[in-house]
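Single-letter residue listing:
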Amino acid sequence: MKIGNIRLKRKIISKELIIALYYSVFIIFRQITQAHEDRSTLILFMAIAVLFAAYLYASDFVIHKDNAQRWLFVVLLVSFIFFISLFLNGSKYTGEYFQYFLIFGAVPMFFFINPVEYQKLLFLWAAVCEIVGVIFFYDPFNNYLLTGNYMVYGFDVMLPAFAGSIIMAFFYKRKIHLIYACAAFMLLLFGNKGALLTAIVLGISVYILVDGNIRKGRLLFVFSILYLSYLFRVQIFQKILFFFHSRGLNSYSLNTLYKIIDGQGGSVNSDRINLIRRGKRLFFQNPILGHGIGYYEEQAGFYVHNILWDILVMAGLIGMVLFIALFLRSLFCFRSYTKYQKNFYLIMMVMWIVPLMTSMTFWHWIPFWLYWTGYIFQHHTSNNYLKGEYNNG
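Residues numbered from 1 in each chain as written. Predicted model: local features only at pLDDT ≥ 70, side-chain atom pairs only at ≥ 80, totals over all residues. Heavy atoms only, no water.

**A short note on the overall build of the protein chain**
Put simply, the rule reads: Only DSSP runs of H or I reaching four residues or more are called helices, and only runs of E reaching two or more are called strands; each is numbered from the N terminus. Buried means the residue's accessible area, taken with a 1.4 Å probe over protein chains only, is under 20% of the maximum for its type, while exposed means over 50%, and partly exposed covers the values in between. Whether two residues are in contact is decided by their heavy atoms, any of which lying within 4.5 Å being enough. Only the protein chains shown count as covering a residue, and every accessible area follows the Shrake-Rupley method with a 1.4 Å probe.
The helix and strand tally for the protein chain stands at 17 helices and two strands. Taken over 393 residues, the protein chain has a buried fraction of 49%. If you take every contact in the protein chain between residues at least 6 apart in sequence, the share linking residues at least 24 apart comes to 75%. For the protein chain, the computed accessible surface area is about 19,800 Å², with 66% contributed by carbon and sulfur atoms.

Here it is, written out as structure tokens:
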């Protein structure tokens, strides 16, 4: 069976499909888990167990031995850090974040232990995200009944839908401009600032690096548009707001964006500024080693909304230096990636950097953990398997 330039095996269940489904399984089951909150953990566990079994079936019950050892090492190392943190500060958030790590980090990373066909993965991930976006498209007009709030709608539904649509348009030449135009419209009107900013950066990145190389003409065009948009930012948003308000549509996202552009960002971001200020105070109390996982949340009652201050408070300067070193090392892996592998990890990189700098915490953000699979697994070329011989062809 052939879809575009992708030749799919006859086996319907594939590793790539499992990864694509796992990314969206939490938003798909959200309404069910909310309706049965007392059984939500069991429901999610059963869904994960089914996907886990399907992955093993799709892999012919063959596991890459070296990558399995690397995965186990990472899981045990992070578990040890959690144990030390629990011993040092006894935060109630430590257990919660460990659960997040297992669900949003360890399990999806496990699905990359065996070699992945990235051309197929990108296509299937994009398709699943678009389908989820279509299913939940109308939710803001129903008072976010299915997603719960605009944050979930923006980050978990419309941002992946937008990403999926530009993947289809630029990488697979699917003429579905209406889908990503609708996704961008819904992010602008009913999403959140972090998701909208991520979509803008993602769109620009893909447009400039569509074939893995910087297009200088496109880069100049983008900078020209951004410069003109900055010069006339207030006038542009005034017209956009008037257009929507005149049709009876109001938007928290649009209103807050307009305040920021109009120079009122201090009032809009006052809560986040206060969180970061508290993070600075806690960091300077123990700047070398940090306070451990969950300490900031224990003191502030909320996470810091910025990955850099999150790491500084949690692991101090030593943790920050190690994180920066690992990130820079991971960038060198892009040189050895295939075209579609490079595209996949570029998208994951944008989808974790921008949200984690503005809104999210990395413990329950799947793109952050998926990005590191490229560094942990895919730049190693050993063909050592636990059972039998694996054929990726």
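Back to the write-up after that little detour.
**Section: the confidence of the model for the protein chain**
Stated precisely, the cut-off is as follows: Per-residue confidence from the predictor is given as pLDDT, running between 0 and 100.
Model confidence for the protein chain is summarised by a mean pLDDT of 83, while 79% of its residues fall at 70 or above. For the protein chain, per-element mean pLDDT is lowest for strand S2 (residues 6-7), which scores 46, and highest for helix H15 (residues 307-332), which scores 95. Ignoring residues within four places in sequence, the model shows residues 1-10, a span with pLDDT below 50, making 19 contacts including any to other chains. Here residues 387-393 is modelled with pLDDT under 50, and outside its nearest four sequence neighbours on either side it reaches 14 contacts, counting other chains as well.

**Some thoughts on a positive patch on the surface**
We apply this condition: Only residues whose relative accessible area exceeds 30% and that form no salt bridge enter a patch; like-charged residues are grouped when within 9 Å of one another, and nonpolar side chains (Val, Leu, Ile, Met, Phe, Trp, Tyr) when within 5 Å. Just to be clear on terms, a salt bridge is a Lys or Arg side-chain nitrogen sitting within 4 Å of an Asp or Glu carboxyl oxygen. In this charge count, Lys and Arg are treated as positive and Asp and Glu as negative; neither His nor the chain ends contribute. Where a charge lies is defined by one atom per residue type, namely NZ (Lys), CZ (Arg), CG (Asp) and CD (Glu).
Residues Arg277, Arg278, Lys280 and Arg281 make up a contiguous surface patch of positive charge. Here arginine 278 is to be found in helix H13 (residues 270-285).

**Quick look at the packing of helix H1 (residues 15-28) against helix H6 (residues 118-135)**
Selection rule: Angles shown run from 0 to 180 degrees and are taken between the N-to-C directions of axes, each axis being a line fitted to C-alpha atoms and, for helices, limited to the stretch in contact. Just so you know how the angles are binned, under 35 degrees is roughly parallel, over 145 roughly antiparallel, 65 to 115 roughly perpendicular, and the rest oblique. If you view the pair so one helix is near and one far, a crossing is left-handed when the near helix is turned anticlockwise from the far one by less than a right angle, and right-handed when it is turned clockwise. Throughout, the ten residues Ala, Val, Leu, Ile, Met, Phe, Trp, Tyr, Cys and Pro are labelled nonpolar, Asp, Glu, Lys and Arg are labelled charged, and all others, Gly among them, are labelled polar.
With their axes 8 Å apart at the nearest point, H1 and H6 run at an angle of 25° to one another. With respect to H6, the axis of H1 lies roughly parallel. Relative to H6, H1 is oriented so that their crossing is right-handed. Taking contact as the criterion, the partners of Glu16, Leu17, Ile19, Ala20, Leu21, Tyr23, Ser24, Ile27 and Ile28 in H1 are, on H6, Lys120, Leu121, Leu124, Trp125, Val128, Cys129 and Val132. Residue classes in the contact of H1 with H6 are distributed as 13 nonpolar, one polar and two charged.

**Observations concerning the environment of threonine 198**
Using the following cut-off: Side-chain atoms alone can form a polar contact between residues adjacent in sequence; in general such a contact is a pair of N or O atoms within 3.5 Å, and within protein one must be able to donate a hydrogen while the other accepts it.
Mapping threonine 198 onto the fold places it in helix H9 (residues 193-208). What makes threonine 198 buried here is its relative accessible area of 0%. Along the primary structure threonine 198 and phenylalanine 155 are separated by 43 residues, whereas in three dimensions their C-alpha atoms are 9.1 Å apart. Excluding residues within four positions of it along the chain, threonine 198 makes contact with Phe155, Leu159, Val350, Met351, Val354 and Pro355. One polar contact links the side chain of threonine 198 to the main-chain carbonyl oxygen of glycine 194, over a distance of 2.7 Å.

**Considering a nonpolar patch on the surface**
Taken together, Phe73, Leu77, Phe80, Ile81, Phe83, Ile84, Phe87 and Leu88 make up a surface patch of nonpolar side chains, about 890 Å² in accessible area. Here phenylalanine 83 falls in the exposed class, since its relative accessible area comes to 53%.

**A short note on the packing of aromatic side chains**
Two descriptors summarise a pair of aromatic rings, namely the distance from one centre to the other and the angle between the planes of the rings. Let me state the cut-off plainly: Centres within 6.5 Å are what make two rings of Phe, Tyr or Trp a pair, Trp counting through its six-membered ring; a difference in plane orientation under 30 degrees is then read as stacked, over 60 as edge-to-face, and the rest as tilted.
Taken as a whole and assessed by the stated rule, the structure comprises 50 aromatic pairs. Relative to tryptophan 365, the ring of phenylalanine 155 has its centre 5.5 Å away and its plane inclined at 75°; by these criteria the two rings are edge-to-face. With phenylalanine 155 in helix H7 (residues 150-171) and tryptophan 365 in the loop between helix H16 (339-358) and helix H17 (366-378), this pair connects stretches of sequence that are 210 residues apart. Grouping residues by exposure puts phenylalanine 155 and tryptophan 365 together as buried.

**Section: H6**
Applicable threshold: In this analysis, the expected span of each helix is defined as 1.5 Å times one less than the number of residues it contains.
Here H6 is 18 residues long and its end C-alpha atoms lie 25 Å apart, about the 26 Å a rise of 1.5 Å per residue gives. Of all 18 residues making up H6, 14 are buried, and the element is well covered by its neighbours.

**Observations concerning the nonpolar core**
This is how it is decided: We define a nonpolar core as any set of buried Ala, Val, Leu, Ile, Met, Phe, Trp, Tyr and Cys residues linked to one another through side-chain atoms lying within 4.5 Å.
Counting residues in each nonpolar core, the largest one holds 114 residues, and the members touching the most others are Tyr22, Phe112, Trp125, Ile347, Trp352, Trp363 and Phe368. Ranked by the residues each element gives to this core, the list is headed by H7, at 13 residues.

**Let's talk about the pattern of salt bridges**
Taken as a whole and judged by the stated rule, the model has one salt bridge. Between glutamate 16 and lysine 120 there is a salt bridge, with its nearest N and O atoms 4.0 Å apart. Of this pair, glutamate 16 sits in helix H1 while lysine 120 sits in helix H6, and the two are 104 residues apart along the sequence. A residue is classified by how much of its surface remains accessible, and glutamate 16, at 1% relative accessible area, is buried. Judged by its relative accessible area of 5%, lysine 120 is buried.

**Section: unusual backbone geometry**
With a phi angle near 60°, asparagine 143 is a residue other than glycine that sits in the positive phi range. In this structure, asparagine 143 sits in the loop between H6 and H7. Judged by its relative accessible area of 67%, asparagine 143 is exposed. One non-glycine residue, histidine 305, lies in positive phi territory at about 65°. Position of histidine 305 among the secondary structure elements: in the loop between helix H14 (295-300) and H15.

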